[in-house]
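Summary of structural features
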Amino acid sequence: MLYWQHMMPSARGLRNVARACMSLLCAGAAALGVASCGTVGEVGTVELTSLGGTTRTLRPVLGTGTYAQEAAQSSFILSDVDFAQLESGAPVYGYVLHVNLLWVPKAGRTAVDPTATNTSIRLVVIAGNELGVYGGGGFAWPDGELGEPEFTLELVGSNMSLIACTPGFQDLMSPASLTGTLSATLDDAATRRMRRSASQYVTNATRSVRWVKAPEGDASLDALLLSLGDAPTAAR
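What counts as what
- Residues numbered from 1 in each chain as written.
- Predicted model: local features only at pLDDT ≥ 70, side-chain atom pairs only at ≥ 80, totals over all residues.
- Heavy atoms only, no water.
- Core = buried A, V, L, I, M, F, W, Y, C linked by side-chain atoms within 4.5 Å.
- Buried < 20%, exposed > 50% of the residue type's maximum accessible area, 1.4 Å probe, protein only.
- Helix = DSSP H or I, 4+ residues; strand = E, 2+ residues; numbered from the N terminus.
- Contact = heavy atoms within 4.5 Å.
- Polar contact = N/O pair within 3.5 Å; in protein donor to acceptor, adjacent residues only side chain to side chain.
- Pairing = 2+ DSSP bridges.
- Phe/Tyr/Trp six-rings, centres within 6.5 Å; stacked < 30°, edge-to-face > 60°.

Next up on the list: the nonpolar core. One recurring pattern in soluble globular proteins is that nonpolar side chains are buried together. Ranked by size, the top nonpolar core spans 27 residues in total, and within it L48, F76, L97, L123, Y134, L153 and L178 carry the most contacts. Elements that contribute at least two residues to this core include exactly strand 1 (44–50), strand 5 (74–79), strand 6 (92–101), strand 7 (119–128), strand 8 (130–143), strand 9 (150–165) and strand 10 (176–186). Excluding anything up to four places from it in sequence, F76 contacts T66, Y67, L97, H98, V99, L101, L146, F151, L153 and A184. In terms of nonpolar packing, the next biggest core, distinct from the first, is built from 15 residues, V124, I126, M194 and A198 among them.

Now for the side chain of T166. Assignment of secondary structure puts T166 in the loop between strand 9 and strand 10. Side-chain polar atoms of T166 contact the side chain of E130, separated by 2.4 Å. Look past the residues within four positions of T166 in its chain and what remains in contact with it is N129, E130, L131, A205 and T206.

This part covers the pairing of strand 10. Counted residue by residue, strand 10 has eight buried out of 11 residues, so it is predominantly covered. In this structure, strand 1 lies alongside strand 10, joined through seven bridges in antiparallel fashion. For T45, the partnering residue across the bridge sits in strand 10 and is T181. As paired strands, strand 9 and strand 10 are joined by seven bridges and run antiparallel to one another. Note on strand 10: the bridge partner recorded for M160 is A176.

Once that is clear, we can look at the pairing of strand 7. Most of strand 7 is tucked away, with nine of its 10 residues classed as buried. Here strand 6 runs beside strand 7; their pairing, made up of 10 bridges, is antiparallel. When the sheet's bridge partners are listed, Y93 is paired in strand 7 with A127. By the bridge criterion, nine bridges tie strand 7 to strand 8 in an arrangement that is antiparallel. Within the sheet, the bridge partner assigned to L123 lies in strand 8 and is Y134. A loop of one residue connects strand 7 with strand 8, the two strands running antiparallel in sequence.

Glancing now at the packing of aromatic side chains. Inspection of every chain in the model, using the stated rule, returns six aromatic pairs. Between the aromatic rings of F76 and F151, the centroid separation amounts to 5.7 Å while the plane-to-plane angle is 35 degrees, which identifies the pairing as tilted. You can see F76 sitting in strand 5 and its partner F151 sitting in strand 9, a full 75 residues away along the chain. Accessibility expressed as a relative area gives 1% for F76, which makes it buried. An angle of 65 degrees between the planes, with centres 6.3 Å apart, marks the rings of Y134 and F169 as edge-to-face. Of this pair, Y134 sits in strand 8 while F169 sits in the loop between strand 9 and strand 10, and the two are 35 residues apart along the sequence. By relative accessible area, which is 2% here, Y134 ends up buried. What makes F169 buried here is its relative accessible area of 16%. An aromatic cluster is defined as three or more aromatic residues linked by ring pairs; in this entry it consists of Y67, F76 and F151.

Spelled out as structure tokens, the structure:
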């Protein structure tokens, strides 16, 4: 059994790298027609890479990020749109990333298997009247202590696939891997409101009450993809 001695730059260093790369990342995301770069580049840069025959890469740059500590996990929400836009009912272009940190690894002490999982992940890609929800699980290293005003995760690997979409959404990514750096400020209320708003937006768009659905028969993934505890109402 291998033990990783993991060393990470500070959250401040990660944000500096993000700012330095902002122009390149925005250009890559803009090529796919769904990213906005008004205030992005501050809290999160991630990369969704397809694992199929043709390699494709989606690089959202996320401008706002908050997290909440909860009984069974810590919930992180990062986005380049805000809850007011999602609640308005108007067409939106952007991303919402929701990561549940299920347990915290300890550098030098945590046994890490190549398939180890300590996060459940949802990435909502919104392009006007169409959207797709990618979901799965992955592994992340923390920078900081939960409960601090700022907390950073380095997502080093994951397995993702499309789990919900509108009829016109074209999935060019599944199966895919999501990696990146996520920084968030502690704000329970903002995290829960954004989570509810995104969940309701997905429900209204897909006409079904669903935020995440695990493949049938996959009990481990059923357990991993925990319910939000903020059930949306039926599609309006």
